[in-house]
Amino acid sequence: MGVAKAWSFSLISANLALLQQQNGYNGNGNVKHFVLWRWRSYGSQRRKISWPLVCGLMLFALGLISLFTGHVASDLEWYSQRLVKPSLYSKLREGIGSRHAQIDIWKSNYSNYYYGCSERSKKSAAATSERSSNGYLLIAASGGLNQQRTGITDAVVVARILNTTLVVPELDHHSYWKDDSEFVNIFDVNHFISSLSKDVTIVKRVPDKVMRSMEKPPYTMRVPRKSTPEYYLDQVLPILLRRRVSFTWFHFGLINTLDMQVVQLTKFDYRLANDLDEELQKLRCRVNYHALRFTKPIQGLGQKLVMRMRKMAERFIAVHLRFVLIIKKYES
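Residues numbered from 1 in each chain as written. Predicted model: local features only at pLDDT ≥ 70, side-chain atom pairs only at ≥ 80, totals over all residues. Heavy atoms only, no water.

Caption draft 1: Region of interest: the confidence of the model for the chain. Confidence in the prediction for the chain averages 76 pLDDT; 65% of positions are at 70 or higher. Note that residues 29-44 has pLDDT below 50 and, in this model, seven contacts with residues that lie over four places away or in other chains. Across residues 248-257, confidence stays below pLDDT 50; counting only partners more than four residues off in sequence or on other chains, it has 14 contacts. (pLDDT = per-residue confidence, 0-100. Contact = heavy atoms within 4.5 Å.)

Structure below.
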């Protein structure tokens, strides 16, 4: 260690002596100022590095690295698909025989490894009757058809949470498309009501006797997006229980009085949280994949389009274009 320090000190001394000889040292002490000036000028020259150029070179190098690794990854994926064993989907297709035959994984040899996400649990409570519920829940969907479908799915779950009778949701007529279609024009309303009868009681409209007995219009409110079930129980349910409407009807010669409530939730799109109880998630699946069935004219038109596309090519893909943004950009 001492030898290294002595060697470095000798090099520094030699450099200083060389500078003194080159600059004409006269012994009056001005060399110190001159040497420092030389070192400062040399340091200022070193700081004149173009940092944008350095950053550009670094980004260029990173781009080359990512391009190379991307090609390697794609090649590895291509080779892995041909070296590994055939997937379960390929085995199912080979077992079906027909190339365009429908694949029913539930009847295959691998059905023991799957379970339906929409199956209703045996421990799930039955739907509350209309007379025993906490009132009527009106839903005004919002957005395009996909957003409204999500809103309808969540509306059924919210009605289950609040223990209310759900009125067939009202579709959005004020969006960009200005579509005046009703629920019954797009979805099979009778199938929608009957398929969910074990989970939620659904009616096509609020009974006239309830509407006539109401002193005020239904209470309207908008809940925040991604609201939890606790929010509905804490904020919406008290309103339902507070706004009671009493009406009387005659049944087999007896006078019956019942308190009912009506609340409407507007702009109902993505108003329910994604993280829900397993049973509520299963109910979501039942609504979206089973209860919401298109009307026969729409199903027939869709099937006709599929058959025509299959005649044109063996494979095809459906793309959801954001044509609203395209139209707005064209108009501007």
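After presenting the structure, the write-up continues.
Caption draft 2: Region of the structure containing the pattern of salt bridges. This structure, assessed with the given rule, holds seven salt bridges. A salt bridge links Arg-225 to Asp-269, with the nearest nitrogen and oxygen atoms 3.2 Å apart. In this pair, Arg-225 is assigned in the loop between β4 (219-221) and α9 (229-242) and Asp-269 in the loop between β7 (262-268) and α10 (278-291), connecting sequence segments 44 residues apart. Among the salt bridges present, the one from Asp-269 reaches Arg-271, with a minimum N-O distance of 3.3 Å. Classification of Asp-269 as buried rests on a relative accessible area of 8%. Judged by relative accessible area, which is 8%, Arg-271 ranks as buried. (Salt bridge = Lys/Arg side-chain N within 4 Å of Asp/Glu carboxyl O. Helix = DSSP H or I, 4+ residues; strand = E, 2+ residues; numbered from the N terminus. Buried < 20%, exposed > 50% of the residue type's maximum accessible area, 1.4 Å probe, protein only.)

Caption draft 3: Just the pairing of strand β1 (residues 136-141), in detail. Of all six residues making up β1, six are buried, and the element is well covered by its neighbours. Residue alternation in β1 divides its side chains into two sets, Tyr-136, Leu-138 and Ala-140 and Leu-137, Ile-139 and Ala-141, and both sets are buried. With two bridges connecting them, β1 and strand β2 (residues 165-167) associate as parallel partners. What sits directly across from Leu-137, in β2, is Leu-166. Note on the crossover from β1 through helix α5 (residues 145-162) to β2: the handedness is right-handed. (Pairing = 2+ DSSP bridges. Right-handed = clockwise from strand over helix to strand, strands pointing away.)

Caption draft 4: Representation of unusual backbone geometry in the model. For Lys-226, which is not a glycine, the phi torsion comes out positive at approximately 55 degrees. Topologically, Lys-226 is positioned in the loop between β4 and α9. Judged by its relative accessible area of 39%, Lys-226 falls in the partly exposed class. Unlike most non-glycine residues, Tyr-270 shows phi in positive territory, near 55 degrees. In this structure, Tyr-270 sits in the loop between β7 and α10. Residue Tyr-270 is classed as partly exposed on the basis of its relative accessible area of 29%.

Caption draft 5: Geometry of the packing of α5 against α10. Across the interface, α5 lies against α10 with an axial gap of 9 Å and an inter-helix angle of 135 degrees. Taken together, the axes of α5 and α10 lie oblique to each other. The interaxial crossing formed by α5 with α10 has right-handed handedness. The residues of α10 that touch α5, namely those facing Arg-149, Ile-152, Thr-153, Asp-154, Val-156, Val-157, Arg-160 and Ile-161, are Leu-280, Leu-283, Arg-284, Val-287 and Asn-288. Residue composition of the contact of α5 with α10, grouped by class: seven nonpolar, two polar and four charged. (Axes fitted to C-alpha atoms, helices over the stretch in contact; angles between N-to-C directions. Parallel < 35°, antiparallel > 145°, perpendicular 65-115°, else oblique. Left-handed = near helix turned anticlockwise from the far one by under 90°. Nonpolar A, V, L, I, M, F, W, Y, C, P; charged D, E, K, R; others polar.)

Caption draft 6: Representation of α9 in the model. If you check α9, its first and last C-alpha atoms are 19 Å apart, about what 14 residues at 1.5 Å a residue would give, namely 20 Å. Residues Pro-229, Tyr-232, Val-236, Leu-237, Ile-239 and Leu-240 constitute the buried set of α9. Buried residues along α9 sit in contact with β1, α5, β4 and β7. (Expected span 1.5 Å × (residues − 1).)

Caption draft 7: Layout of the sheet that holds β4. Pairing is parallel across the open sheet formed by five strands, whose spatial order is β3-β2-β1-β7-β4. Each edge of the open sheet is held by one strand with a lone partner, namely β3 (202-203) and β4. Strands in contact with α5 are β1, β2 and β7; relative to β1, the strand with the most contacts, it is inclined by about 165 degrees. Along the sheet, α9 makes contact with β1, β4 and β7, crossing β7 at roughly 135 degrees.

Caption draft 8: Structural detail: α10. If you check α10, its first and last C-alpha atoms are 18 Å apart, about what 14 residues at 1.5 Å a residue would give, namely 20 Å. Glu-279, Leu-280, Lys-282, Leu-283, Arg-284, Cys-285, Arg-286, Val-287 and Ala-291 are the residues of α10 that are buried. Lining the buried residues of α10 we find α5 and α7 (189-195). Its side-chain oxygen at 3.0 Å from the backbone nitrogen of Glu-279, Asp-277 defines the N-terminal cap of α10. (Polar contact = N/O pair within 3.5 Å; in protein donor to acceptor, adjacent residues only side chain to side chain.)

Caption draft 9: Fine view of the packing of aromatic side chains. According to the stated counting rule, one finds four aromatic pairs in the structure shown. A ring pair is formed by Phe-183 and Phe-192, whose centres lie 5.1 Å apart and whose planes are at 55 degrees; its orientation type is tilted. Residues Phe-187 and Phe-294 carry aromatic rings whose centres are separated by 5.5 Å and whose planes lie at 15 degrees to one another, so their mutual orientation is stacked. Here Phe-187, found in the loop between α6 (183-186) and α7, pairs with Phe-294, found in the loop between α10 and α11 (296-312); they are 107 residues apart in sequence, far enough to count as distant. Under the relative-accessibility criterion, Phe-294 is labelled partly exposed at 29%. Chaining the aromatic ring pairs together yields one cluster made of Phe-183, Phe-187, Phe-192 and Phe-294. Above the ring of Phe-294, the side-chain terminus of Arg-149 is found at 5.6 Å from the ring centroid. (Phe/Tyr/Trp six-rings, centres within 6.5 Å; stacked < 30°, edge-to-face > 60°. Lys NZ or Arg CZ within 6 Å of the ring centre and 35° of its normal.)

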